[in-house]
Amino acid sequence: MKKNLGKIFLLLLLPFTLLGDSNLADFSLSVNKKDVVIKEPIEITFQAKQKDYTNSMFFFLEIKKNDAYEVVLLDQVTKKISNHNSSTTFKYLLFPLKSGDIDVNFDFTIKVASDGDLAKIYTGGRDNVKWMDTLNSKVEVPSLHLHVSPLSQKVDLVGDFTLDAKLQKSDINQYGSANIRYTLSGAGYTEKNLQLLSKIPNVTAFSQVTDLVSKATSNGYEIRREYSYALSSKSNFTILPIEIKAYSPKQNKYYTLKSSSYDIKVSSIDPKTLIDNKEFPPTKSYDFENLKDIGIALLIFLAGFVSAKVAPSLNFQRGKREKRGKFQDIKESKTPKELMIVLLQNYKTSITEKYINELELLEYKKSDISFQKIKSDLLKNIM
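Residues numbered from 1 in each chain as written. Predicted model: local features only at pLDDT ≥ 70, side-chain atom pairs only at ≥ 80, totals over all residues. Heavy atoms only, no water.

**Considering the packing of aromatic side chains**
Think of a pair of aromatic rings as described by two things: how far the centres are apart, and how the planes are tilted against each other in angle. Applicable threshold: Ring pairs are drawn from Phe, Tyr and Trp, using the six-membered ring of Trp, whenever the two centres fall within 6.5 Å, and their geometry is named by plane angle: stacked under 30 degrees, edge-to-face over 60, tilted for the rest. Only runs of H or I of at least four residues qualify as helices and only runs of E of at least two qualify as strands under DSSP, and these elements are numbered from the N terminus. Exposure classes here rest on a 1.4 Å probe applied to the protein chains alone. A residue is buried below 20% of its type maximum, exposed above 50%, and partly exposed in between.
Inspection of the entire model under this criterion finds 9 aromatic pairs. With a centroid separation of 5.7 Å and 65 degrees between ring planes, the pair formed by Phe-27 and Phe-108 is classed as edge-to-face. Here Phe-27 is found in strand β2 (residues 25-31), whereas its partner Phe-108 is found in strand β9 (residues 106-113), with 81 residues between them in sequence. No difference in accessibility class separates Phe-27 from Phe-108, as the two residues are buried. When the ring of Phe-46 is compared with that of Phe-108, the centres are 4.9 Å apart and the planes differ by 65 degrees; the resulting orientation is edge-to-face. Of this pair, Phe-46 sits in strand β4 (residues 42-50) while Phe-108 sits in strand β9; the two residues are 62 residues apart in sequence, bridging distant segments of the chain. Across the pair, Phe-108 and Phe-46 agree in class, each one buried. Pairwise contacts between aromatic rings join Phe-27, Phe-46, Phe-59, Phe-90 and Phe-108 into one cluster.

The structure is reproduced here in structure tokens:
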């Protein structure tokens, strides 16, 4: 009875494992699943083991390119059991991109080198390292047959993912920006050009996508991706909910990632209130917390957005600054906040971007950078 059960178990494994050999080596090809849906990750394992122990042996495997699938090497491990006895294991991750029956083909090469040929790469000049005489043998590997089912719904993600959203503040002024960050996390397959936030009427948007984590695993591409947006408008607006359609092969179900909607209130500011006798906004009419918004916005999209919005209303400051002496406003700035305001209002961000970022870090993240050193370097570079 036990023998019969063993035979049945081996028969069940046969569709998933292919065995082969040549005069030089034995090899096996296995796959964790053969019936999948479009873009469901498949792990392919290929192991080659030396059988002829006369010479040193090297194994090379590639999956042939095909529009029907996307493939990436997960791992390659070579074990040297003895001088003329080695094995190599290749692991690939494959995503089928089309439905139907797909054949995956392989290019397997065995390179054999004698001890004398190996010795050449350790002696002589530098050029000898680049050349080694080998006897190359192409070994035929049976094709891997996959059956790929289509999805009944259009989706942007295949796998298991989560979506988080964080809005910095919902009340801004006409010169500020509403900064919102969406974090997409999980493992599987994502569309290459996935964008989350649609265009909002009468709103200027700047965005940046940052991959905090991005690596291939047996479960697919493991990601933690931040979509950061800085939104500016002269009137109130609403950030509509984001909906991302997805399918989970593990749970065999469709699901939707959805965020909340956010109402953004935009207040107006009289440009005259942005100046006092020290040339930076008084605390009563201007909230310094907005400077933190500006700093974050500068990190989100290319520095200059806030400056470009504020500059038209503040051009008349330049004449007053010039009368007081060149770069006098920089020299008289006593705190990181004051200097940030001066740089944002009166100087080109292409010159001062680096220093604005350093000041923002110093003020809000308490970095070890010296304020005096930042000011000294700044004056040295712009004078």
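**Regarding the environment of Ile-223**
The line we're drawing: We call two residues in contact whenever any of their non-hydrogen atoms come within 4.5 Å of each other.
By secondary structure assignment, the location of Ile-223 is in strand β16 (residues 220-232). With a relative accessible area of 4%, Ile-223 lands in the buried category. Separated by 12 residues in the primary sequence, Ile-223 and Asp-211 place their C-alpha atoms 7.1 Å from one another. If near-sequence neighbours (up to four positions away) are discounted, Ile-223 is found in contact with Phe-161, Leu-184, Ser-185, Gly-186, Thr-190 and Val-213.

**Some words on the pattern of salt bridges**
This is how the line gets drawn: Within this document, salt bridges are pairs made up of a side-chain nitrogen of Lys or Arg and a carboxyl oxygen of Asp or Glu, the two lying within 4 Å of each other.
Taken as a whole and judged by the stated rule, the model has 10 salt bridges. Between Asp-26 and Lys-51 there is a salt bridge, and its shortest N-O distance comes to 3.7 Å. With Asp-26 in strand β2 and Lys-51 in the loop between β4 and β5 (56-63), the pair connects residues that are 25 residues apart, well separated along the chain. Since its relative accessible area comes to 35%, Asp-26 is described here as partly exposed. Among the ionic pairs, Asp-377 bridges to Lys-373, the shortest N-O distance being 2.9 Å. Highlighted residues: Asp-377 and Lys-373, both in helix α9 (residues 371-382), separated by 4 residues, approximately one helical turn.

**Notes on the sheet that holds strand β11 (residues 144-149)**
Using the following cut-off: Whether two strands pair comes down to DSSP finding at least two bridges between them. Axes here refer to lines fitted to C-alpha atoms; in helices the fit is confined to the stretch in contact. Angles between the N-to-C directions go from 0 to 180 degrees.
Spatially, β3-β11-β8 is the arrangement adopted by the 3 strands of the open sheet, whose pairing is mixed. Lying at the two open borders of the sheet, with one neighbouring strand each, are β3 (35-37) and β8 (100-104). Strand-to-strand twist in this sheet, taken as the mean axis angle between neighbours without regard to direction, amounts to 35 degrees. Note: β3 against β11, 3 bridges, orientation parallel.

**A short note on α9**
What counts here: Multiply 1.5 Å by the residue count of a helix minus one, and that product is the helix's expected span. The arc in question is the one traced by the directions running from the helix axis out to the C-beta atoms. Within 3.5 Å is the distance limit for a polar contact, defined as a pair of N or O atoms, with the added protein rule that one can donate a hydrogen and the other accept it, and that residues adjacent in sequence qualify only through two side-chain atoms.
Here α9 spans 17 Å end to end across 12 residues, near enough to the 16 Å set by a 1.5 Å rise per residue. If you check which residues of α9 are buried, you get Phe-371, Ile-374, Lys-375, Leu-378, Leu-379 and Ile-382. The arc that holds every buried residue of α9, seen down its axis, measures 125 degrees, which confines them to one face. More than 90 degrees from the buried face of α9, the exposed residues found are Gln-372, Lys-373, Lys-380 and Asn-381. Residue Ser-370 occupies the N-cap position of α9, its side-chain oxygen lying 3.4 Å from the main-chain nitrogen of Gln-372.

**With respect to the pairing of β2**
Side chains Ala-25, Phe-27, Leu-29 and Val-31 project from β2 onto a buried face, and the interleaved Asp-26, Ser-28 and Ser-30 project onto a face without burial. Note: β2 against β4, 7 bridges, orientation antiparallel. The residue of β4 that forms the bridge with Ser-28 is Gln-47.

**Quick look at the side chain of Thr-88**
Relative to the helices and strands, Thr-88 is located in strand β7 (residues 85-96). On the basis of relative accessibility, which here comes to 2%, the residue Thr-88 falls in the buried class. A polar contact is formed between the side chain of Thr-88 and the side chain of Thr-78, at a distance of 3.0 Å. Not counting residues within four places of it along the chain, the set of residues in contact with Thr-88 comprises Phe-46, Gln-47, Ala-48, Phe-59, Gln-76, Val-77 and Thr-78.

**Some words on the sheet that holds strand β12 (residues 157-167)**
As summarised here, the arrangement of the 6 strands in space is β15-β16-β14-β12-β18-β19, forming an open sheet in which the pairing is mixed. Two strands in the sheet have a free side with no partner beyond their single neighbour: β15 (204-217) and β19 (253-258). Within this sheet the neighbouring strands show an average axis-to-axis angle of 20 degrees, counted without direction. With 2 bridges connecting them, β12 and strand β18 (residues 243-248) associate as parallel partners. Its bridge partner being in β18, Val-158 is matched across the sheet by Tyr-247.

**Some points on the side chain of Arg-225**
Examined against the element boundaries, Arg-225 turns out to sit in strand β16. Among the polar contacts made by the side chain of Arg-225, one reaches the side chain of Tyr-227 at a distance of 3.5 Å. In this view, Arg-225 contacts Tyr-182, Thr-183, Leu-184, Thr-190, Val-209, Thr-210 and Asp-211; residues no more than four positions away in its chain are not counted.

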